[in-house]
Amino acid sequence: DTGVSQNPRHKITKRGQNVTFRCDPISEHNRLYWYRQTLGQGPEFLTYFQNEAQLEKSRLLSDRFSAERPKGSFSTLEIQRTEQGDSAMYLCASSPLGGGREQYFGPGTRLTVT
Amino acid sequence: GQSLEQPSEVTAVEGAIVQINCTYQTSGFYGLSWYQQHDGGAPTFLSYNALDGLEETGRFSSFLSRSDSYGYLLLQELQMKDSASYFCAVRGPGGYSTLTFGKGTMLLVSP
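Now for a look at the structure at hand. Being a predicted model, the structure only gives us computed values, none of them experimental. Along each chain, the written sequence defines residue order, and numbers are assigned to residues from 1. Chains carry letters and ligands carry numbers; both start at the beginning, A for chains and 1 for ligands, and go up in the order they are written. Side-chain atom pairs in this predicted model are given and counted only at pLDDT of 80 or more, local residue features only at pLDDT of at least 70, and totals for whole chains, interfaces and linings cover all residues. To obtain the side-chain values, all non-hydrogen atoms of the structure were included, while hydrogens and water were left out.

**Details of the overall build of chain B**
Note on conventions: DSSP H or I runs of at least 4 residues are helices, E runs of at least 2 residues are strands, and numbering of each starts at the N terminus. Scanning chain B from terminus to terminus reveals 0 helices and 11 strands. In chain B, the succession of helices and strands from N to C terminus is β-β-β-β-β-β-β-β-β-β-β. The C-alpha atoms of chain B give 13 Å as radius of gyration, which agrees with the globular expectation for 111 residues (13 Å, within 12%). With the C-alpha coordinates of chain B rotated into their principal frame, the extents come out at 40 × 30 × 20 Å. Each residue is placed in one exposure class: buried if its accessible area under a 1.4 Å probe, protein chains only, is under 20% of its type's maximum, exposed if it is over 50%, and partly exposed if it falls in between. The buried share of chain B, taken over its 111 residues, is 49%. Put simply, of all contacts in chain B between residues at least 6 apart along the chain, 55% involve residues at least 24 apart. Element-wise, carbon and sulfur atoms account for 49% of the exposed surface of chain B, whose accessible area totals about 5100 Å². Of the side-chain charges in chain B, 5 are positive and 10 negative, and the distance between the mean point of each set is 7 Å. Radius of gyration means the value over C-alpha atoms here, while the globule rule gives 2.2 Å times the residue count to the 0.38 power. Throughout, a contact is declared for two residues whenever any of their heavy atoms are within 4.5 Å. Here the open area of atoms and residues is found with the Shrake-Rupley method and a 1.4 Å probe, where only the protein chains shown may cover a residue. Neither His nor the chain ends is counted toward charge; the positive residues are Lys and Arg and the negative residues Asp and Glu. Note that the charge is assigned to NZ on lysines, CZ on arginines, CG on aspartates and CD on glutamates.

If you want it as structure tokens, here you go:
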């Protein structure tokens, strides 16, 4: 399967713990995006990379969130000192250059903070 | 900034035609995309309009009027598997390559 993959698919953590999610994009795609989605809402943009460069971060993104794409391939999203409000589905998407028109989404990581 | 409005829910019967509307406000318009998301699944790209008019892709069509900041998704010959959430999205706020999504329209298709 050459689609976008995300791991883990589910994560339950206690408030205050750190969590890290991984995204493996479609191999030939230069751009990688992170979104957060809560129940009844559309995906909310968090950040995106072109190759290894992080080009944009949402102003809504707390400084507890950090993302990396060290070699321009897979990406990680870390949330430090998790809060209950961080509970959501975290979606990763990728696209080729100029791909704001069509993005390919992974299945997401569902985070539950207890 | 970007904002999009779409109905929260639409119901229809199998074989019917349904239209899902989307109005948007954006500081810079590059195009309107539509995505489908089944419950528990990933959003999947359906259609894109950069220019005014109708784009047809099989049973799905999408329309755009830039002067009215309005678009719609038309689904024909509805099937039970079309029951899903449908999102319109505009490019930005992070420039040309990021997307801002509406809250989604849940389509319920009944027999």
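**Some thoughts on the sheet that holds strand β7 (residues 60–65) of chain B**
Residue and element names in this part refer to chain B. By this definition, two strands are paired if DSSP reports at least two bridges between them. Here we have 5 strands laid out as an open sheet, ordered β1-β3-β8-β7-β6, and antiparallel in their pairing. Lying at the two open borders of the sheet, with one neighbouring strand each, are β1 (3–5) and β6 (53–57). Strand-to-strand twist of the sheet, defined as the mean angle between neighbouring strand axes without regard to direction, takes the value 20°. In this analysis an axis means a line fitted to C-alpha atoms, helices contributing only their contacting stretch, and an angle means the value between N-to-C directions, from 0 to 180 degrees.

**A few points about the pairing of strand β9 (residues 84–91) of chain B**
Residues and elements named next belong to chain B. With respect to burial, β9 is a largely interior element, 8 of its 8 residues being buried. Burial of the side chains of β9 extends over both faces: Ala84, Tyr86, Cys88 and Val90 are buried on one face and Ser85, Phe87, Ala89 and Arg91 on the other. As paired strands, β9 and strand β11 (residues 105–110) are joined by 3 bridges and run antiparallel to one another. Counted as the bridge partner of Ala84 is Leu107 from β11. In this structure, β9 lies alongside strand β10 (residues 99–101), joined through 3 bridges in antiparallel fashion. By the bridge assignment, Ala89 is partnered in β10 with Phe101.

**Some words on the state of the cysteines**
Disulfides are defined as pairs of cysteine sulfur atoms found within 2.5 Å of each other. Under the definition given, this model contains 2 disulfides over all chains. In this model, A:Cys23 is linked to A:Cys92 through a disulfide, with the two sulfur atoms separated by 1.8 Å. Taking the sign of the S-S torsion, about -65° here, the bridge from A:Cys23 to A:Cys92 comes out left-handed. One end of the pair, A:Cys23, is in strand β3 (residues 19–24); the other, A:Cys92, is in strand β9 (residues 88–95), and 69 residues separate them in sequence. Owing to a relative accessible area of 0%, A:Cys92 belongs among the buried residues under this scheme. The residue that forms a disulfide with B:Cys22 is B:Cys88, at a sulfur-sulfur distance of 2.1 Å.

**A few points about unusual backbone geometry**
For the bond running from A:Asn7 to A:Pro8, omega is -10°, close enough to zero to count as cis. Within the secondary structure, A:Pro8 sits in the loop between β1 (5–7) and β2 (10–13). With a phi angle near 50°, B:Ser69 is a residue other than glycine that sits in the positive phi range. Tracing the backbone shows B:Ser69 in the loop between β7 and β8 (70–75). Residue class for B:Ser69 comes out partly exposed when judged on its relative accessible area of 26%. Phi at B:Glu77 is positive, roughly 50°, even though this residue is not glycine. Looking at the element boundaries, B:Glu77 is found in the loop between β8 and β9. By relative accessible area, which is 54% here, B:Glu77 ends up exposed.

**Things to note about the interface of chain B and chain A**
Residue-level contacts link 17 residues of chain B with 20 residues of chain A. The term salt bridge refers to a pairing of a side-chain nitrogen on Lys or Arg with a carboxyl oxygen on Asp or Glu at a separation within 4 Å. One can count 0 salt bridges joining chain B with chain A. Elements that contribute at least two residues to the side of chain B that touches chain A include exactly β4 (32–37), β5 (44–49), β9 and β10 of chain B. In terms of residues, the side of chain B that touches chain A owes the most to one element, β4(B), which gives 3 residues.

The quantities given are spatial measurements derived from coordinates; they are silent on function.
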